[in-house]
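These are the residues of each chain, in order.
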Amino acid sequence: MLKTQLNKEYFDRKFNAIDKKFEGTDKEIGTVKASIKSDNDELKALVKSEIEELARMTSKGFEDVIKRLDYRERIERLEKEMGKVREALNL
């Protein structure tokens, strides 16, 4: 009986020491989980915002390229000027 009592006391002390080492670990894990979730949510929001900004930039970029490549107004103006020149030269 004495040997079992010593073994029980030994294990009780060891388990108590282990419990003390890990005391508060659950709370810390919960804090880390919350922090990770918060960081993840912020990252998702940032990515969404950046995707929207990239879409706007791409759209504006295409509009700018289309404007640069659109010579209709210039051609119309030059045709009118050419018509005036022909009138002046009586052609």
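Whatever comes next refers back to the structure up there.
Being a predicted model, the structure only gives us computed values, none of them experimental.

## Remarks on the overall build of the chain
A tally of helices and strands in the chain yields three helices and zero strands. Ordering the α and β elements of the chain from the N terminus gives α-α-α. Whereas a compact globule of 91 residues would reach a radius of gyration of roughly 12 Å, the chain reaches 39 Å, over 25% beyond that. The principal-axis extents of the C-alpha atoms in the chain amount to approximately 130 × 15 × 10 Å. Counting every position in the chain, which comprises 91 residues, the buried fraction comes to 0%. Of the accessible surface of the chain, which amounts to about 9,300 Å², a share of 60% is contributed by carbon and sulfur atoms. Taken as two groups, the 21 positive and 20 negative side-chain charges of the chain have centres that lie 4 Å from each other.

## Focus on helix H3 (residues 72–89)
Over its 18 residues, H3 extends 25 Å from the first C-alpha to the last, a length consistent with the 26 Å expected when each residue adds 1.5 Å. Backbone geometry just downstream of H3 places Asn-90 in the positive-phi region, at approximately 60°.

## Some remarks on the environment of Glu-81
Relative to the elements of secondary structure, Glu-81 occurs in helix H3. Overall, the relative accessible area of 39% leaves Glu-81 in the partly exposed class. A C-alpha to C-alpha distance of 24 Å links Glu-81 and Ile-66, two positions 15 residues apart in sequence.

## Looking at the packing of aromatic side chains
In the structure shown here, the tally under the stated rule is two aromatic pairs. Feature note: the residues Tyr-10, Phe-11 and Phe-15 constitute an aromatic cluster, connected by ring pairs.

## Things to note about a nonpolar patch on the surface
A cluster of nonpolar side chains, contributed by Tyr-10, Phe-11, Phe-15, Ile-18 and Phe-22, occupies part of the molecular surface with about 540 Å² of accessible area. In this structure, Phe-22 sits in the loop between helix H1 (2–21) and helix H2 (25–69). When its relative accessible area of 54% is taken as the criterion, Phe-22 is described as exposed.

## Describing the pattern of salt bridges
Under the counting rule described, the total for this entry stands at four salt bridges. A salt bridge links Lys-37 to Asp-41; the shortest N-O distance between them is 3.1 Å. With Lys-37 and Asp-41 both in helix H2, this residue pair falls four residues apart, about one helical turn. Across the pair Glu-53 and Arg-56 runs a salt bridge, and its minimum N-O distance is 2.8 Å. Residue Glu-53 and its partner Arg-56 are located together in helix H2, separated by three residues, close to a single helical turn.

What counts as what
- Residues numbered from 1 in each chain as written.
- Predicted model: local features only at pLDDT ≥ 70, side-chain atom pairs only at ≥ 80, totals over all residues.
- Heavy atoms only, no water.
- Helix = DSSP H or I, 4+ residues; strand = E, 2+ residues; numbered from the N terminus.
- Rg over C-alpha atoms; globule rule 2.2 N^0.38 Å.
- Buried < 20%, exposed > 50% of the residue type's maximum accessible area, 1.4 Å probe, protein only.
- Areas by Shrake-Rupley, 256 points an atom, 1.4 Å probe, with all protein chains shown as cover.
- Lys, Arg positive; Asp, Glu negative; His and termini not counted.
- Charge placed at Lys NZ, Arg CZ, Asp CG, Glu CD.
- Expected span 1.5 Å × (residues − 1).
- Phe/Tyr/Trp six-rings, centres within 6.5 Å; stacked < 30°, edge-to-face > 60°.
- Patch = residues over 30% accessible without salt bridge, like charges linked within 9 Å, V, L, I, M, F, W, Y side chains within 5 Å.
- Salt bridge = Lys/Arg side-chain N within 4 Å of Asp/Glu carboxyl O.

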